[in-house]
Amino acid sequence: MNAKAQVLVVEDDPDVADMLTELLGLEGYRVLQAREGREALAMLRGGALPDVILLDLMMPEMNGWQFRQAQLADERFANVPVVVLSADTLTREKALALGASVGLRKPVDIERLLEVLESIGAPHGPTVGA
């Protein structure tokens with residue numbers, strides 16, 4: 001597939017955000033980063049249209065719940081699939097409550113994340129070395 005999928009990582013922990021960005025980049029994904037919900041919304045409203053959003057729930061200013069509510073209210077990007085990432089023991093339940101595609105517990109198993117991205121149809125370029 002020629003077009004690489006774009007992933008928006010919405011995560012306030014810079015170490016987690018950088019790790020996800022690096023690992024997904026190595027798998028051929030184009031990655032955008034936002035440190036919290038307001039920044040992510042500004043990116044979306046500015047024209048960024050990712051294929052999938054990786055969303056942390058607990059963030060300052062605008063948390064994942066508030067972001068998701070605002071995302072769903074805007075038809076331009078309401079249909080972008082969301083994968084919730086959280087250290088919460090009820091991550092799956094909270095993801096379902098948000099209408100997200102799936103919820104993954106932190107620390108994130110990158111192989112599982114890649115499987116999820118493929119299962120929700122986020123295409124990506126060839127893996128490194130391919």
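Rules used in this analysis
Residues numbered from 1 in each chain as written. Predicted model: local features only at pLDDT ≥ 70, side-chain atom pairs only at ≥ 80, totals over all residues. Heavy atoms only, no water. Pairing = 2+ DSSP bridges. Helix = DSSP H or I, 4+ residues; strand = E, 2+ residues; numbered from the N terminus. Axes fitted to C-alpha atoms, helices over the stretch in contact; angles between N-to-C directions. Contact = heavy atoms within 4.5 Å. Salt bridge = Lys/Arg side-chain N within 4 Å of Asp/Glu carboxyl O. Buried < 20%, exposed > 50% of the residue type's maximum accessible area, 1.4 Å probe, protein only.

Novice: Hey, could you run me through the sheet that holds strand 1 (residues 6–10) in this one?
Specialist: Adjacent strands of a sheet form backbone hydrogen bonds with each other and so pair up, either parallel or antiparallel. Ordered by their spatial adjacency, 5 strands build an open sheet running 2-1-3-4-5, and the pairing between neighbours is parallel. Both outer strands of the open sheet, strand 2 (30–34) and strand 5 (102–105), are each paired with one neighbouring strand and no more. Shown here is a sheet whose adjacent strand axes are inclined to one another by a mean of 20°, direction ignored. Here 5 bridges tie strand 1 to strand 2, and the two strands are oriented parallel to one another. In the strand pairing of strand 2, Val 7 is matched with Val 31. The strands touched by helix 5 (residues 110–119) within the sheet are strand 3 (52–56), strand 4 (82–86) and strand 5, with strand 5 carrying the most contacts at an inclination of about 170°.

Novice: Please explain the pattern of salt bridges as it appears in this structure.
Specialist: It is possible for side chains of opposite charge to pair when their charged atoms get near one another. If you walk through the whole model with that rule in mind, you get 7 salt bridges. For Asp 56, the salt bridge goes to Lys 106, with nearest N and O atoms at 3.2 Å. With a gap of 50 residues between them, Asp 56 in strand 3 and Lys 106 in the loop between strand 5 and helix 5 connect regions that are remote in the sequence. Given the relative accessible area of 5%, Asp 56 is considered buried. Among the salt bridges present, the one from Asp 74 reaches Arg 76, with a minimum N-O distance of 2.5 Å. According to the relative accessible area criterion, Asp 74 is buried, its value standing at 14%. A network of salt bridges, in which partner residues are shared, links Glu 11, Asp 56 and Lys 106.

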